[in-house]
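What follows is each chain in one-letter form.
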Amino acid sequence: MKYIIKDTDFSKSVTIKNITVLGSGVMGHGIAQVSATAGYNVVLRDIKQEFLDKAMEKIKWSLDKLVSKEKISKEEGNAIFARIKPIVDLGEAVKDTELVIEVVPEIMDLKKTVYAELDKVAAPQVIFASNTSTLPITEIANTTSRPEKFIGIHFFNPPQLMKLVEIIPGEKTAQEITDLTQDYVKSVNKVAVICRKDVPGFIINRLFIPMVHEACFVKDRTGATLEEIDSVVKFKLGFPMGIFELADFTGMDVIHKATVEMHLRDKKVINPHPLVEKMFDEKKLGQKSGEGFYKYSDDKYERIALSEELAQKCNPIQIVANILNNAAWLISNGASDIEEIEKAAQLGLGLKKPLFETAKEIGIKNIVDELNKLAAEHGEFYKPDPLLLSMQ
Ligand SMILES: NC(=O)c1ccc[n+]([C@@H]2O[C@H](COP(=O)([O-])OP(=O)(O)OC[C@H]3O[C@@H](n4cnc5c(N)ncnc54)[C@H](O)[C@@H]3O)[C@@H](O)[C@H]2O)c1
């Protein structure tokens, strides 16, 4: 797989053939696998050999599964596996690379330390891409010597299956780097949606994370049950599952962390409900801990019984109003547009029905009225976005 771009001094070109993935955890090993499947030579780097051994085992398991399902031949599986080299030494890991995809834990100080080390050993033309879910790209980029060659590339979990990748250029990212990243995403058989501004939560988390909190408020304010709210989310809003179910599947650790990071940077994005933090503190993390909003009998994926009948018992307007207000904010602030948001929501959240179609069915005026009512009762957070006002 070859992509040619000009170096940012516009005097020589760079060809991407070799990729280094920094971090071999939940996301890193999947990104390494999809990159090797597309033909790239991949170095997978972690801080301990045992972490890499575990990651390589998972990749092998995943490739074997594709072979057994006849999605790829045994030879292809072997060739993909052979293209991934696990290496602990950072200098060696980036020696021949053109693109580094960083997938280390979501801790700002750790990311900055990793980039400081990386910046010293990577050649000046090497591009840095961060898989951060919530941290500001520009802030991390500015700690490096190459903010124009720094970009956000947000894969979703699991990278082997999820089609969407959000691309987030920082303030100084060169257009060539954004173009190249888009080409790379296409080459690994994914769909790129560009979040045009480096805003907290980018697109999907700006819709999803506040929605979890909002659903908790709906429960408090209306007395609806978890199953009633989840049924309405599934059957009336077109989500593949309920919002509490999705939160349990995602994990309260991930949701709490994203909440803190997003709220730290923008109070308008989220109205945190205390229950999320409480559940995190009590280690009620969802499916993986056996209890979240719901209880689970083991850590295997279990569906909650939701029904059209239960969906009749809850009015979805407050949930729709909040998600729509955040979508409108993204548009008003130049981060996205309706078409891109719908594409992202379809591929990233599995939404079967476009958001703005649901909004039209309910009536934009009704949604604006609901937001004004919520703002009067619960504060400025709910104030309707000017775009919604103009769409009435
Ligand atoms: N898990 C998700 O659902 C998800 C989804 C999208 C994005 N993300 C983002 O991806 C990133 C990684 O998340 P994860 O869930 O894969 O985390 P993880 O904890 O599963 O994996 C992180 C890996 O990075 C390794 N690591 C730590 N320091 C390192 C260093 N200096 N060099 C190389 N490796 C190092 C760790 O040993 C670990 O193996 C985070 O920024 C997260 O926000 C996660």
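Residues numbered from 1 in each chain as written. Predicted model: local features only at pLDDT ≥ 70, side-chain atom pairs only at ≥ 80, totals over all residues.

**Thoughts on the pairing of strand β6 (residues 99–102)**
Then, number 1: Along β6, one buried face is formed by Leu99 and Ile101 and the opposite face, lined by Val100 and Glu102, is buried too.
Then, number 2: Of the pairings in the sheet, the one linking β6 to strand β7 (residues 127–130) comprises four bridges and is parallel in character. Note that in β7 the partner of Glu102 across the bridge is Ser130.
Then, number 3: Handedness of the crossover is the feature at issue here: the chain leaves β6, passes through helix α5 (residues 108–121), returns alongside β7, and the resulting connection is right-handed. (Buried ≥ 20, exposed ≤ 12 C-beta atoms within 10 Å, placed from the backbone. Helix = DSSP H or I, 4+ residues; strand = E, 2+ residues; numbered from the N terminus. Pairing = 2+ DSSP bridges. Right-handed = clockwise from strand over helix to strand, strands pointing away.)

**Quick word on the pairing of strand β9 (residues 164–169)**
Then, number 1: β9 sits mainly inside the fold: six of its six residues count as buried.
Then, number 2: As paired strands, strand β8 (residues 150–155) and β9 are joined by five bridges and run antiparallel to one another. Residue pairing across strands places Ile151 opposite Pro169, the latter belonging to β9.
Then, number 3: Judged from the four bridges that link them, β9 and strand β10 (residues 191–194) form a sheet pairing that is parallel. Residue pairing in the sheet places Leu164 in a bridge with Val191 of β10.
Then, number 4: Where the polypeptide runs from β9 across helix α7 (residues 175–187) and back to β10, its parallel neighbour, the crossover connection is right-handed.

**Focus on the site of the ligand**
Then, number 1: The full set close to the ligand counts 23 residues, and Gly23, Gly25, Met27, Glu106 and Asn157 are the nearest of them.
Then, number 2: Its residues assigned to classes, the shell around the ligand comprises 12 nonpolar, eight polar and three charged. (Near = placed C-beta within 6 Å. Nonpolar A, V, L, I, M, F, W, Y, C, P; charged D, E, K, R; others polar.)

**Description of the domain arrangement of the protein**
Then, number 1: Domain boundaries assigned for the protein yield domain 1 (4–194) and domain 2 (204–391).
Then, number 2: For domain 1 versus domain 2, the separation of C-alpha centres amounts to 30 Å.
Then, number 3: In terms of residue class, the side of domain 1 that touches domain 2 is made up of six nonpolar, two polar and three charged. (Domains from an automatic or database assignment.)

**Describing the environment of Ile31**
Then, number 1: Here Ile31 shows up in helix α1 (residues 28–37).
Then, number 2: Residues contacting Ile31, with those up to four places away along its chain left out, are Val21, Ile101, Val103, Asn131, Phe155 and Pro159. (Contact = placed C-beta atoms within 7 Å.)

**Quick notes on the sheet that holds strand β3 (residues 18–22)**
Then, number 1: Taken together, the eight strands give an open sheet; going across it, the order is β5-β4-β3-β6-β7-β8-β9-β10, and neighbouring strands pair in mixed fashion. Each end of this open sheet is capped by a strand with a single partner; those strands are β5 (84–87) and β10. Neighbour-to-neighbour, the strand axes of the sheet open up by a mean angle of 25 degrees, direction not taken into account. (Axes fitted to C-alpha atoms, helices over the stretch in contact; angles between N-to-C directions.)

**Points about the environment of Ile304**
Then, number 1: Structurally, the position occupied by Ile304 is in the loop between α12 (274–281) and α13 (308–311).
Then, number 2: Between the C-alpha atom of Ile304 and that of Asn131, which follows or precedes it by 173 residues, the distance is 31 Å.
Then, number 3: Residue contacts for Ile304: discarding those within four places in its chain leaves Glu227, Asp230, Gly242, Glu245 and Tyr294.

**Section: α5**
Then, number 1: In this model α5 runs 20 Å from its N-terminal to its C-terminal C-alpha over 14 residues, within 8% of the 20 Å that 1.5 Å per residue would give.
Then, number 2: Among the residues of α5, Lys111, Val114, Tyr115 and Leu118 are the ones counted as buried. Along the axis of α5, the buried positions cluster into a sector of 100 degrees, meaning they face one direction only. Residues of α5 that are exposed and angled more than 90 degrees away from the buried face: Asp109, Ala116, Glu117 and Lys120.
Then, number 3: Looking at the buried side of α5, the elements it contacts are β3, α4 (90–93), β6, β7 and α6 (137–141). (Expected span 1.5 Å × (residues − 1). Arc of directions from axis to C-beta.)

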